[in-house]
Amino acid sequence: MEKFLIKGGAPLEGEIPVSGAKNSALPALAACLLTDEAVTLRRVPRVRDIRTMERLLEHIGAAVERSDNGRVTVQAAALANPEAPYDLVKTMRASSLVLGPLVARTGRARVSLPGGCAIGARPINLHVAGLEQLGAVISQTHGYIEARAPQGLRGARVHFDRITVTGTEDILMAAVLASGETLIENAAREPEVVDLADLLTRMGARIEGAGSSLIRVQGVERLHGADHTIIPDRIEAGTFLIAGAITGGDLLVTGCRPDHLGALIQKLRQAGCELAEPDASTLRVRRPGHLKATDVTTEEYPGFATDLQAQYLALMTQGEGISFITETIFENRFMHASELLRMGANIRVEGRQAIVAGPSRLSGAGVIASDLRASASLVLAGLVARGETLVDRVYHIDRGYERIEEKLARVGADIRRVD
Ligand code: EPU
């Protein structure tokens, strides 16, 4: 199994480029199922989750053509097999994103239930309830959700009991082909939802309010092909900003959207970092002095992203004082804490809160990645630890970061992939 071998201590300096957003590209690929015409997506990151989604689209019957420069063209002319099987869903729960588009386009879908995962239960009950509101008849057998709407979906009011990102995306994709008007209330406001709405609009959908908590959709009879560029990955960009901060370097994070990173930028400034925006798509991070402990509570967008919590926790091991890191989105997202303890961090986890006392002199150790963002936090800790850190199970990090070790090495990190 592949590992990262990291020798800590080097401050990162130079320019580090940001890839397209994994969590935008995933729903965009699923949206390609909504039309029989070809859809071209650009800036699709080459990460494992994207490959899994492409395999799922092929399994369903779409033709997927990918080129080296991040361009992917999908043509879903006929959908012979409208289902997401367990072996794909269990490796990537975002597979449930095909549920909405499949029912909308073919009147039926069969999607395996995801089961538990490293960061929490992650059910899809809200996706299912939303589709029922749109008139789908749902049954559950043998670990699969089956949805049927032989007469097509009809617009309705869909109120989410709690905010769900992929749930909002799933229902949005179903609603664009439903007859009449759909109102999605308590919708997720994440930039990835807005990006999906932009793609769907290019395909001929009629959507208002994406980016707010009320999305209004007027269903159309059919959608057509389109050409769309995926937004930059704000979580990758945020991870790099934290890498610059934790190593005390001077890093330019290029090709990003600073306006998507407001909550993190504010926290980094409170912690004593200097953040500048030399142009509309670049952020510069520097740390002139010591880091200060700062508290963080994860929230839905525009709050502090749960997907940056693990990385921020690694940063706070270097902050002076006590910081409280509170996780409100997932119930079990502190797996990285016990690995960071092995590197010498001082962290106590109490329920949904981690209490970090710093600064700690981290020392390199063998650690195990448990999920995508947890593994990123271990890499960050390795960049400042004395001696060698060996991060095992880096396939987790490959799910969502495009060649992270190459990007970090180019700005001065001593990191390489070993078998
Ligand atoms: N939830 C339910 N029922 C549902 C759906 C969600 O109870 O039907 C709960 C979840 O268990 C969780 C909360 O609602 O406690 C929010 O979950 P959400 O549905 O928003 O998460 P998601 O859509 O499954 C996306 C990202 C995650 C990111 C979360 C939160 C994608 C493909 N995934 O997941 O990204 O953490 O939103 O922002 O967009 C990652 O990239 O590492 C990652 C985990």
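Just so you know, these numbers come straight off a predicted model, no measurement behind them. (Residues numbered from 1 in each chain as written. Predicted model: local features only at pLDDT ≥ 70, side-chain atom pairs only at ≥ 80, totals over all residues. Heavy atoms only, no water.)

A. Spotlight on the environment of S24. Topologically, S24 is positioned in helix α1 (residues 22-31). Residue classification places S24 among the buried positions, given a relative accessible area of 2%. Sequence separation between S24 and I230 is 206 residues, and the spatial gap between their C-alpha atoms is 6.5 Å. Side chain to side chain, S24 and D195 meet in a polar contact 2.7 Å long. (Helix = DSSP H or I, 4+ residues; strand = E, 2+ residues; numbered from the N terminus. Buried < 20%, exposed > 50% of the residue type's maximum accessible area, 1.4 Å probe, protein only. Polar contact = N/O pair within 3.5 Å; in protein donor to acceptor, adjacent residues only side chain to side chain.)

B. Geometry of the nonpolar core. Of all hydrophobic cores here, the largest spans 78 residues; its most connected members are L34, V98 and L200. Of all hydrophobic cores here, the second largest spans 65 residues; its members include F240, L261, V296 and V379. (Core = buried A, V, L, I, M, F, W, Y, C linked by side-chain atoms within 4.5 Å.)

C. The environment of G107, seen in detail. Of note, G107 is situated in the loop between α4 (99-106) and β7 (108-112). With 44 residues separating them along the chain, G107 and Q151 place their C-alpha atoms 7.3 Å apart. Residues in contact with G107, not counting those within four places in the same chain, are L102, A147, R148, A149 and P150. (Contact = heavy atoms within 4.5 Å.)

D. Seen up close, empty space enclosed by the protein. Counted according to the given criterion, the structure contains one cavity of 30 Å³ or more. Its boundaries defined by the atoms lining it, the largest cavity holds a volume of some 90 Å³. Around the largest cavity sit 13 residues that line it, and R234, H260, L261, G303 and A305 are the ones nearest its centre. Counting residues per element, the lining of the largest cavity draws most heavily on helix α9 (residues 262-270), which supplies three residues. (1 Å grid on protein atoms, 1.4 Å probe; cavity = no way out; pocket = protein on both sides within 12 Å on 5 of 7 lines; lining within 4 Å. Points joined across faces, edges and corners; volume = space filled by probe spheres on them.)

Honestly, it's all geometry; don't read function into it.
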